[in-house]
Amino acid sequence: MGKDLTYAFRMLLKSPAFTILAVAALALGIGANTAIFSVVNAVLIQKLPYKDPDRLVMVWEQSPRTGKTNVANPLNFLEWKERNNSFEEISAMSAFPLSLTGDGEPEQVDAMTVTPAFFPILGVQPLRGRWFTTEEGTPGKNNAVIMSEGLWRRRYAANENLVGRNIKVNNQDVTVVGIMPAGFRFPFSKPELWAPMPLDRATANARGRYLITVARLRPGATVASAQADMNVLQPQIIAARPQMNSKWGITVVPLDKQVSGDVKTPLVVLLGAVGLVLLIACANVANLMLMRAANRSHEVAIRTALGASGWRLARQLLVESTLLSVIGGALGLVIGVWVMKLLVAALPSTISNVSMETIRIDTTVFVFAAGISLLTGILFGLAPALKAVGMDVQAGLKSGGRGQAGGRSVTRNVLVVAEVALSMILLVGAGLLIRSFAKLSNVDPGFDAARVLTMQLAIAGRYRDDAAYLNFLNRTLERVRSVPGVEAAGTSHFLPLGRIIPATSFWRNDQPKPSPGSEPTTQVLVVTPGYFAAMKIPLTRGRVFGERDRKDTAPLIVINQTMARQFYANEEPVGKRINVSWGHADVPYEIVGVVGDVRQSGMEKNPSAGVFISNLQEPTGPVNLVLRAQGDPKLLAQTIQREIHAMEPDLPIADVRTMDTFVSASVAAPRFNTILLGGFAALALVLAAVGIFGVISYSVAQRTQELGLRRALGADTWSVMRLVLFQGIGLTVIGLVIGAGGALAVTRLMNALLFDVTATDTLTFVAVSAVLLVVAFAACYLPARRAARVDPMVALRYE
């Protein structure tokens, strides 16, 4: 083996062009696979970084009719906690921002309130201090916080004495009792503070749904037994509170499945794509090895004549191919690290459900890279090795070192067909995503995002009553609207495209009240006058809220077109009254206007029925300031913040960005998938073109005598070119047919990633076929021209 390795090194150094081309193809394929696998490993394979993660589950309320899950009602959560038989412990949490003042500039940070069982359930010990005590989860005694390691270092310079010290959160003094280790987080959240949630039957909200729940199964309990346990409990909860629970069930989901749910399909598609790229690279290198083996036929024949066995020859060639793959794998690992860093930086929030620190080249990824390096070495080295074993020794000895005569090779042609077929599958997948993304990008969100600036005002805990809150709101809007360059301004408690939107039940006041649990639902947005003008949401009927619509006037409501179409199809909705289970369910709201549909939940989701309530009538936080500028809105950001801080110096202002960035972020995941798969498809196309070019060029070189004879017998230039072109185009067409069949089977897995495009989209298949034919023609053209210029006299003297 040592001699084989030494000889393999010498042979690779002797053919630098071949070595560089082969190593480059393998390095790109292995590097791309390593980078994607590092993400797949962190998200889908690695166990979650908690104690006994297989026993962790999430519990949701679920609609039996639609299958959609929802967050939990507090009283329902308390029922689950007190009456279940399957959970060792269950905890509730709710995410919302908190404001920090003192110790620096006012700042809003992402935070979660959690019941005290949250940290023991996950089993992650604090870096400093302790978890919350049971007493700190009771009303009036919840003046404690636990801090992330990142916030501790960033804002408090890693002060060793911070634990036990008071800091000001939401204008209240609270004690820091613990600091969590770096990278700790719960999936789908990035909090920097945790506060205890005071929750008991006396204080729990009986009507709202806003709790996320996580539980640890008892030893011996399973997800199935926990689900059965909750199925027994739910009818009792419905009987106790039918108005709230009649149309809801309970579902128990393993935490690891919850984390991988929405991202499993795109990650598997991307991993499959880079796998195809690697196969194409292997086919390319195998073709190069076959051509090289043919040129070494005289050497192999002499070795055989001197007594070398078929296995000995095959081993020598396999050692060479494995050495190539190891060198390519080492370079690929370096490329993989670089690409992985780019991926982590570009990962959209919908994919980064785990801590970024877990995405790295660890032992599992290293073993994967080493494994595919060795596997590819055997894979592309097998064909040349088998060919060497079965070669004709007599023909090889007569070849004189120029390779065996005959330009045809079934193996090489099969490899080219395979490259084209695999490229067809990749290009069709990329084409479908490109078509889908183009359609998604052209969707009308229902508002004009241009020249709109948004920012969050962290008002939580600042105002003790509605009057003080409304006074702040009115003064803020008055100052903002007076800033030169501001065209319109308003507020909303949730912004469009934010994925999260509250909903509630309602019923028409002029119709009988539905039975408990059968009421229709609607999205709810609480806005101030000026919001519709700032967002340029069109008014189609009636009017929108005005400054005179106050808390002491009759409650008014504005509905969107979807609600008007679904519930007032042949009627005029303006002037009608509805009861909404949001503010005062017993007081009907009068519909005063209908506005255009806005895609609140995402660009890819059709608008749902929605209502708008005036913040001046139903004071509600949080507050997102929205303003339309006459010019570039970013130029107004600092001025607006100064105006607000002139009134409230210690008010944190967060998430200052334009509405265009919201629109861009809403399509970040499909854009990421499209760019990545498109890049892999482009790489596959280049490799396929190189493969076709190489095979046709080698074929022309091997057929020099034949082509010279044809020219000598009167064949014109076009006839010779056509002969060569037809060979390459013929192989391409066979590959296209096979690839189209494969694409029809494989792309069906991508349905969940497509928007307004089917996996069998004819235009995409036709366009990809045309692109591959053009590329194949271009790859064949140069060898064909060279063939047409063969000098008959030179060709006749070739042998």
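Summarised in this report is the structure supplied together with it. (Residues numbered from 1 in each chain as written. Predicted model: local features only at pLDDT ≥ 70, side-chain atom pairs only at ≥ 80, totals over all residues. Heavy atoms only, no water.)

## Side note on the overall build of the protein chain
Logical step 1: Regarding its fold elements, the protein chain presents 24 helices and 22 strands.
Logical step 2: Here the C-alpha coordinates of the protein chain stretch approximately 105 × 55 × 55 Å along the principal axes.
Logical step 3: Counting all 799 residues of the protein chain, 52% fall into the buried class.
Logical step 4: Across the protein chain, the fraction of contacts at a sequence separation of at least 24, relative to all contacts at a separation of at least 6, is 82%.
Logical step 5: Accessible area for the protein chain stands at about 34600 Å²; split by element, carbon and sulfur atoms hold 59% of it.
Logical step 6: Each charge class in the protein chain can be summarised by its mean position, and for the 77 positive and 58 negative side chains these summaries are 10 Å apart. (Helix = DSSP H or I, 4+ residues; strand = E, 2+ residues; numbered from the N terminus. Buried < 20%, exposed > 50% of the residue type's maximum accessible area, 1.4 Å probe, protein only. Contact = heavy atoms within 4.5 Å. Areas by Shrake-Rupley, 256 points an atom, 1.4 Å probe, with all protein chains shown as cover. Lys, Arg positive; Asp, Glu negative; His and termini not counted. Charge placed at Lys NZ, Arg CZ, Asp CG, Glu CD.)

## A word on the nonpolar core
Logical step 1: Counting residues in hydrophobic clusters, the biggest one holds 90 residues, and the most contacted among them are Ile 36, Leu 324, Phe 380, Leu 426, Leu 677, Phe 680 and Ile 692.
Logical step 2: Ranked by residues supplied to this core, first place goes to helix α9 (residues 264–295) with 17 residues.
Logical step 3: Leave out the neighbours within four places in its chain, and Ile 692 touches Val 416, Val 420, Thr 732, Ala 776, Ala 779 and Cys 780.
Logical step 4: In terms of nonpolar packing, the next biggest core, distinct from the first, is built from 31 residues, Ala 449, Val 452, Met 659 and Phe 755 among them. (Core = buried A, V, L, I, M, F, W, Y, C linked by side-chain atoms within 4.5 Å.)

## Focus: the packing of helix α1 (residues 2–14) against helix α2 (residues 16–45)
Logical step 1: Put simply, α1 and α2 touch, their axes get as near as 5 Å, and they point 100° apart. The orientation of α1 with respect to α2, classified from their angle, is roughly perpendicular. Every residue of α2 that contacts α1 at Leu 12, Leu 13 and Lys 14 is listed here: Pro 16, Phe 18 and Thr 19.
Logical step 2: The class makeup of the residues in the contact of α1 with α2 is four nonpolar, one polar and one charged. (Axes fitted to C-alpha atoms, helices over the stretch in contact; angles between N-to-C directions. Parallel < 35°, antiparallel > 145°, perpendicular 65-115°, else oblique. Nonpolar A, V, L, I, M, F, W, Y, C, P; charged D, E, K, R; others polar.)

## Brief notes about the packing of aromatic side chains
Logical step 1: If you walk through the whole model with that rule in mind, you get twelve aromatic pairs.
Logical step 2: Their ring planes at 80° and their centres at 5.0 Å tell us that Phe 118 and Phe 119 sit as a pair that is edge-to-face. Of the two residues examined, Phe 118 and Phe 119, each falls in the buried class.
Logical step 3: Among the aromatic residues, those joined into a ring-pair cluster are Phe 118, Phe 119, Phe 132, Phe 184, Phe 186 and Trp 194.
Logical step 4: If you follow Arg 657 out to its NZ or CZ, it ends over the ring of Phe 662, 3.7 Å from the centre. (Phe/Tyr/Trp six-rings, centres within 6.5 Å; stacked < 30°, edge-to-face > 60°. Lys NZ or Arg CZ within 6 Å of the ring centre and 35° of its normal.)

## Describing the environment of Met 455
Logical step 1: Of note, Met 455 is situated in strand β12 (residues 452–457).
Logical step 2: Spatially, the C-alpha atom of Met 455 lies 20 Å from that of Val 169, the residues being 286 residues apart in sequence.
Logical step 3: In contact with Met 455, other than residues within four places in its own chain, are Val 623, Asn 624, Leu 625, Ala 637, Ile 640, Gln 641, Ile 644, Ile 653, Ala 654, Asp 655 and Val 656.

## Some remarks on the packing of helix α14 (residues 410–441) against helix α22 (residues 717–746)
Logical step 1: Where α14 meets α22, the closest approach of the two axes is 7 Å, and the angle between their N-to-C directions is 45°. On the basis of the axis angle, α14 is oblique to α22. When you trace α14 past α22, the crossing you get is right-handed. Touching Asn 413, Val 416, Val 417, Val 420, Ala 421, Met 424, Ile 425 and Val 428 of α14 are Gln 727, Leu 731, Thr 732, Ile 734, Gly 735, Leu 736, Ile 738, Gly 739, Ala 740, Gly 742, Ala 743 and Val 746, all from α22.
Logical step 2: Class assignment of the residues belonging to the contact of α14 with α22 gives a composition of 14 nonpolar, six polar and no charged. (Left-handed = near helix turned anticlockwise from the far one by under 90°.)

## Brief notes about the pairing of strand β1 (residues 56–62)
Logical step 1: The element β1 is extensively covered by neighbouring structure, given that six of its seven residues are classed as buried.
Logical step 2: In this sheet, strand β10 (residues 212–217) lies alongside β1 in antiparallel orientation, the contact comprising four bridges. Considered in β10, the bridge of Met 58 is made with Val 214.
Logical step 3: The pairing of β1 with strand β11 (residues 249–254) spans six bridges and is antiparallel. What sits directly across from Val 59, in β11, is Val 252.
Logical step 4: With two bridges joining them, β1 and strand β2 (residues 69–70) adopt antiparallel strand pairing. Bridge pairing in β2 links Glu 61 to Asn 70. (Pairing = 2+ DSSP bridges.)

## Observations concerning unusual backbone geometry
Logical step 1: Of note, Ala 157 is a non-glycine position whose phi angle comes to about 55°, a positive value.
Logical step 2: Along the polypeptide, Ala 157 turns up in the loop between α5 (149–156) and β7 (166–169).
Logical step 3: Even without being a glycine, Asp 655 presents a positive backbone phi close to 50°.
Logical step 4: Within the secondary structure layout, Asp 655 lies in strand β22 (residues 653–658).

## With respect to the pairing of strand β13 (residues 486–492)
Side-chain positions along a regular strand alternate between the two faces of the sheet.
Logical step 1: Within β13, six of the seven residues are buried, which leaves it mostly tucked inside the rest of the structure.
Logical step 2: Across six bridges, the pairing between β13 and strand β21 (residues 623–629) is antiparallel. In the sheet register, Val 486 faces β21, and the bridge partner there is Ala 629.

## A closer look at a nonpolar patch on the surface
Logical step 1: Where nonpolar side chains cluster on the molecular surface, the patch consists of Phe 693, Phe 777, Tyr 781 and Leu 782 and spans about 360 Å² of accessible area.
Logical step 2: With three residues, helix α23 (residues 762–788) is the single largest residue contributor to the nonpolar patch.
Logical step 3: Here Phe 777 lies in helix α23.
Logical step 4: Phe 777 gets classed as partly exposed once you look at its relative accessible area, which sits at 40%. (Patch = residues over 30% accessible without salt bridge, like charges linked within 9 Å, V, L, I, M, F, W, Y side chains within 5 Å. Salt bridge = Lys/Arg side-chain N within 4 Å of Asp/Glu carboxyl O.)

## Things to note about the side chain of Gln 617
Logical step 1: Note on placement: Gln 617 falls in the loop between β20 (610–614) and β21.
Logical step 2: If near-sequence neighbours (up to four positions away) are discounted, Gln 617 is found in contact with Asp 549, Arg 550, Lys 551, Thr 553, Ala 554, Pro 555 and Leu 556.

## Looking at the environment of Asn 579
Logical step 1: Looking at the secondary structure, you find Asn 579 in strand β18 (residues 577–580).
Logical step 2: Within the structure, the side chain of Asn 579 is placed 2.9 Å from the side chain of Asn 509, a separation counted as a polar contact. (Polar contact = N/O pair within 3.5 Å; in protein donor to acceptor, adjacent residues only side chain to side chain.)

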